Every structure is written in C-alpha cells, then in structure tokens.
Amino acid sequence: HLQDLSVEVITPILDGLAVRDLLLCRQVSRYLLEVIDGSERLQYKIDLAVAGMIDGPPSALCTAERRRMLREHQKAWDSLEFSVQPTLSIPVLHDPLPAYYPGRIFGNVLWYYTSTGLRFIQLPSRIRGTEEKRWTIDYSATPGFTVSKFAMDPAQDLLVVLERQPQTARAQIRILCMSNGTAHPAAVSAFLYQDGSFGDGLYSELQTQGDAVGWLIFSNMSQPRTSIQVWNWKTGDWVWDLPVDRQVHLYLVPQDFSFLDDNHMIVLYERRLAVYEFDTRATTTTKTTSKDFVVSLDVPIRTDSQVMGMSMYPRASSSAGSHGHPDTPFERFPSDSLIVIEINFEAQTLYDTSWLLFVPASTIRACVARARKDAKARDLKWQAWGSQGARIMRRNKHVNWYAFNVQGTRAVAAMWPKNNRNMARIHVFEFGPVVQHHIQTCMLRGDAVDAGDGLEEGKATYVTTAYDVDGAGTFFTDVTTQLPFRTSWRNVDSEKFSHIMLCEDGIVWRWVGVWHIHTF
C-alpha cells in the first residue's frame, strides 16, 4: 500500500515522474494528494510546467525562494506591472542605417548603431541576477563599403556584419566578437563572402542560428533573382543555397525566412510555408530547388487574392545570452519559439486587409516529424495543420507598423484607442506549448482556467474558442483557427511609440531617441 510508505520515501519517487503523471497521481488517493500538495519541491515542479519554465542550476536559493520568485515573475507578466528603470537617451540615428532600423534586442542585450559605431546594453534582470552593463565597439566599415545589416548571438559572443560596396554592388560578411569587435577566434576567417558579388543585388536579411548564418538576397529588376544562402561561420563554407529566378510566378519566390533549429529553415512563400534541411558540416554547397522541402504548409489565401507583401517575425536571432547564468533560478524552455507572419493584401484600405498568422515552432516541428514518417504528409492543407496548430488575427488598424515584436513564444504590440490618442495600450500575446501546458495542468489540478474576452486590464486571459476567419474574400470561406493563446494588456498614459520590443524579462520601447526600459 502506498500509504505505508513514508513521505521521505515516496516524495523522491514522485519527483521522478512527468508533471502530467504527477497530477494524475493526485487523483489516485487522498494520501498522494496530501503528499504532493504538501511538498514544496513537487509544487515547484508543477508551477514550472504551468509557467513554461525549467529549473535553473543549483545555487544558494532554496526551493521555496525559487517558487516565490517564479510566482512573482509570472504574476508580473500576467498583469504587465512594470518595475520601471531609468529611461535611456540615445542619439538619433545617422547614416548609413535608416531611421526605421533603430536597433534590436538579442536575448537580453539591446544594441543600436550610430555613425560612430555600435552601442550595447545588457539589460538588468533581478530574476537572472544580471546587472546592467554597457559597452561600445567603435566599428568602422571597410573603406569603400557601407554597413547594411547586423546579426548577433550573445551566447556565442558573435557579431555578424554585412557590408556593401554601392559602386560595384559587392558585399562581404564579417565575423567578429560581440564583446570587443575583434575577429572571432572560432572562425577560420574574419570574412565569409569577401569581395563577392550578386550583380546589382539588394541584400535584405541576415540571421544566425548555431553555426549557421542565413542570408536572403533580392536582386533588383535588371537581374530578377532571389537566393537564400546558409554559411557555416566557423569554417567559412557555403553549405546550402536556394536560388530562384524571379521571372517565374511570384508564388514561387521566397518572401522571407527564419531558422527553425540548427538544421532546418522555414521559408515563406506567397501562399505557403516550406521547411528545408541543411547541414552545416558540409564542405560543398548543396543547391536546392523550391520543391526539395521536407514539408510544405498551405496558407489559406485565395488564388485570386492580390497579396501586396508578406514578412516573418522574428527577423533576428532570439538566442539568449543570459541563459546558464549560475544564479538564474529558472528559465524558459529553450526550444520554444513563435513565428508570426504578416500578410498584406492589395486594397483601398490597407488596415482592413492586413492579417497576422501566429505559428508556434512546435506546430512546425510536429509537421516535420509527420512528413518523415509519411511521404503523403509532405504537402499539408490548412485544415490538416493550421486549424488546430495556428491562429489568424486581423491586425488592428491602430497598431503602429514598427510597434510589434516577437521574443520566444511571446509577441507584443502597441495600440492607440481611437477615442484617446494620448494613451497607448500594450498588448502581450503568448502561444505554443507554454499555454497548452498551463491549460492542461490547471484542468488536471482542478484549478479554473482564466478564459474570457480579454477586456479586463492587467489580467491574463486564456482564449480557447475557435474563430472563423472572415477574410472579406482574401481567405477561403472555410478557414477556422483555434490555437489557444494567452493575452494581457495595460494602458500607459501619455506615451508614444515608434518601436517596441520584448526582452526576456520585460518590455522596451522607443520614442524620439529615448528608450524606456521596463523590467519585472
């Protein structure tokens, strides 16, 4: 009999169970219920699953203190109650980067670019035990070249810089240390594409993932080509290429891309997502065609709809440099991420025809696994993958174009109520396994799920109802979307936003050269 076992004996046994099994054990007997509910360790394990977190490394913090900090952290995200840090004044940007490229957050590091170089700020985090740190790289482009794009990964001290030579359209990618701007010691060469040329190309996107650097290149109309390339930044090898002649139909031309993991890339086309596989260990370039995908996922846009453009968030690596800090009590599931696709249709009123498609990476990974087992599942229609695994929303017409950002499984948007333009409303959305685990755990534990209409300020709401998309002729008529998500919002008086971004433990927004940093 289980009740014959002492609490000291049975608790370690229960601690070895998965959270779902642990919650089911609560329903077996009153004795197990009392043991589980009375154990700080087991309750902390359940709370971690509800919050979508994993336990941090051993430290001086006891389990009770970790659990208290976890609940405080989760409550802050649900209510969006900020611990305001001093605002940071940043000079207005100068050439060569335009005003709409003010900087980004990679992990918990904010960077911005001025005419004199790169500026970095490691954002403070009470939860992670990290203090604010600032440093500068007096970066100067190679003579004759101008800076075009940046990508970086704080976890690898990696800074990737794309430079162009306007007169010849040549380009080169430099591999540097993020901490001091010197050549990265893990790279065989400081240049990936030295003195290369892509005709009169326009170089549109740059991303990093593990050992890979991804580069999306658009040429202009005199040489209508597009190419997505993957390079191993450590060895300097060009390992993968997806070239497309843009004289073919537009629906075959890549619009954007994002890494799924260290070996897979998501490519956005006009009416579908496609996942391709690459190998950074290769020493020669694998030439790929658009049909060589692992799996293709249909986006339910009518064939007679006029698509103005599609773009994908995040447009930057979200690798977190503060993960693994010895004093971090807990951290998010490292594999969780969210892909957001913005779809704009051609119409007289742009805002009425702009939509957001939210797709957790876990949904795409499940489709990849399914396609590997069944060749017939390589090409999936919307109802076979998106109805349950994604969510489509109309983009609110009061959302500023740049006041939208994705970090991990969260997305943030700034809106302005039409009856009060002096007040900004911050909305945070969360998708993926984190939300589903929370709902399942609450149900198994017997707790209520906070479902509702999201009208109460400072309270997290879980939306689980299905939604029939009314696309006004832009989507097919039978499109249903029902992926659960969590949302919360808060009004901020007398604030204006040109840009808003998420960090690991808060929100950062910018207006006229001033960053407002709010952490929990």
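None of the values given here were measured: they were computed from a predicted structure.

J.: Honestly, the side chain of Arg66 in this entry has me stumped. Any pointers?
T.: With respect to the helices and strands, the residue Arg66 is situated in helix 5 (residues 63-79). In this structure, Arg66 is in contact with Tyr44, Asp55, Gly56, Pro57, Pro58, Ser59, Leu61, Thr328, Pro329 and Phe330, ignoring residues within four places of it in sequence.

J.: I would appreciate a short explanation of the sheet that holds strand 5 (residues 109-114) in the present structure.
T.: Sheet strands pair by backbone hydrogen bonding; their relative direction is either parallel or antiparallel. Here we have four strands laid out as an open sheet, ordered 4-5-6-7, and antiparallel in their pairing. Each having just a single partner strand, strand 4 (104-106) and strand 7 (133-137) make up the two edges of the open sheet. Neighbour-to-neighbour, the strand axes of the sheet open up by a mean angle of 25 degrees, direction not taken into account. Sheet topology note: the strand 4/strand 5 ladder contains three bridges and is antiparallel. Counted as the bridge partner of Arg104 is Trp111 from strand 5.

J.: Would you mind going over the sheet that holds strand 17 (residues 264-268) with me for this structure?
T.: Taken in spatial order, the five strands make up an open sheet running 16-17-18-20-25, and their pairing is mixed. The two strands at the open ends of the sheet, each matched to only one other strand, are strand 16 (256-259) and strand 25 (379-380). Of the pairings in the sheet, the one linking strand 20 (residues 295-298) to strand 25 comprises two bridges and is parallel in character. Residue pairing in the sheet places Leu297 in a bridge with Leu380 of strand 25. Each of strand 17, strand 18 (272-277), strand 20 and strand 25 is contacted by helix 6 (residues 361-373), which is oriented at about 125 degrees to strand 20, the strand it contacts most.

J.: Whenever I open this one, the pattern of salt bridges confuses me. Can you help?
T.: A side chain with one charge can pair with a side chain of the opposite charge if their charged atoms come near. Counting across every chain of the model gives 21 salt bridges. For the salt bridge of Arg490 with Glu457, the shortest nitrogen-to-oxygen distance reads 3.9 Å. Within this pair, whereas Arg490 is found in strand 33 (residues 485-493), its partner Glu457 is found in the loop between helix 8 (433-445) and strand 30 (461-463), the two being separated by 33 residues in sequence. A cluster of three or more residues bridged by salt bridges with shared partners is formed by Asp15, Arg41, Lys45, Asp55 and Arg66.

J.: Would you mind going over the pairing of strand 9 (residues 158-165) with me for this structure?
T.: Working note: regular strand, side chains alternate between the two faces of the sheet. Among the eight residues of strand 9, seven are classified as buried, and the element is accordingly described as predominantly covered. Counting the residues that bridge the hairpin from strand 8 (residues 146-153) to strand 9 gives four residues, and of these Asp157 lies at a positive phi of roughly 50 degrees. Examined bridge by bridge, strand 9 and strand 10 (residues 170-177) share eight bridges and lie antiparallel to one another. If you follow Val160 over to strand 10, its bridge partner there is Ile175.

J.: What's the story with a nonpolar patch on the surface in this structure? I'm lost.
T.: Together, Leu2, Leu5, Val9, Ile13 and Val28 make up an exposed nonpolar region whose accessible area comes to about 420 Å². With respect to the element layout, Ile13 can be found in helix 1 (residues 7-15).

J.: Please clarify how the nonpolar core should be interpreted in this entry.
T.: Buried together is how nonpolar side chains tend to be arranged in soluble globular proteins. Formed by 34 residues in total, the largest nonpolar core has its most connected members in Ile341 and Trp385. Mapped onto this core, the elements with two or more residues apiece are strand 17, strand 18, strand 20, strand 21 (307-313), strand 23 (338-345), strand 24 (354-360), helix 6 and helix 7 (382-389). Broken down by element, this core gets its largest block of residues, five residues, from helix 6. Setting aside anything within four residues of it in sequence, one finds Ile341 in contact with Leu268, Leu273, Met310, Ser311, Met312, Trp355, Leu356 and Leu357. Counting 20 residues, the second largest nonpolar core, distinct from the first, contains Val230, Val244, Val253 and Phe257.

J.: Would you explain the packing of helix 1 against helix 4 (residues 40-51) in this entry?
T.: When two helices pack together, their arrangement is captured by the angle between the axes and the distance separating the axes. In the contact formed by helix 1 and helix 4, the axes pass within 10 Å of each other and the chain directions differ by 15 degrees. Put simply, helix 1 runs roughly parallel to helix 4. As helix 1 runs across helix 4, the sense of the crossing is left-handed. Across the interface between the two elements, Thr11, Leu14 and Asp15 from helix 1 touch Arg41, Leu42 and Lys45 from helix 4. Broken down by class, the residue content of the contact of helix 1 with helix 4 amounts to two nonpolar, one polar and three charged.

Cut-off values and rules
Residues numbered from 1 in each chain as written. Predicted model: local features only at pLDDT ≥ 70, side-chain atom pairs only at ≥ 80, totals over all residues. Heavy atoms only, no water. Helix = DSSP H or I, 4+ residues; strand = E, 2+ residues; numbered from the N terminus. Contact = heavy atoms within 4.5 Å. Pairing = 2+ DSSP bridges. Axes fitted to C-alpha atoms, helices over the stretch in contact; angles between N-to-C directions. Salt bridge = Lys/Arg side-chain N within 4 Å of Asp/Glu carboxyl O. Buried < 20%, exposed > 50% of the residue type's maximum accessible area, 1.4 Å probe, protein only. Patch = residues over 30% accessible without salt bridge, like charges linked within 9 Å, V, L, I, M, F, W, Y side chains within 5 Å. Areas by Shrake-Rupley, 256 points an atom, 1.4 Å probe, with all protein chains shown as cover. Core = buried A, V, L, I, M, F, W, Y, C linked by side-chain atoms within 4.5 Å. Parallel < 35°, antiparallel > 145°, perpendicular 65-115°, else oblique. Left-handed = near helix turned anticlockwise from the far one by under 90°. Nonpolar A, V, L, I, M, F, W, Y, C, P; charged D, E, K, R; others polar.

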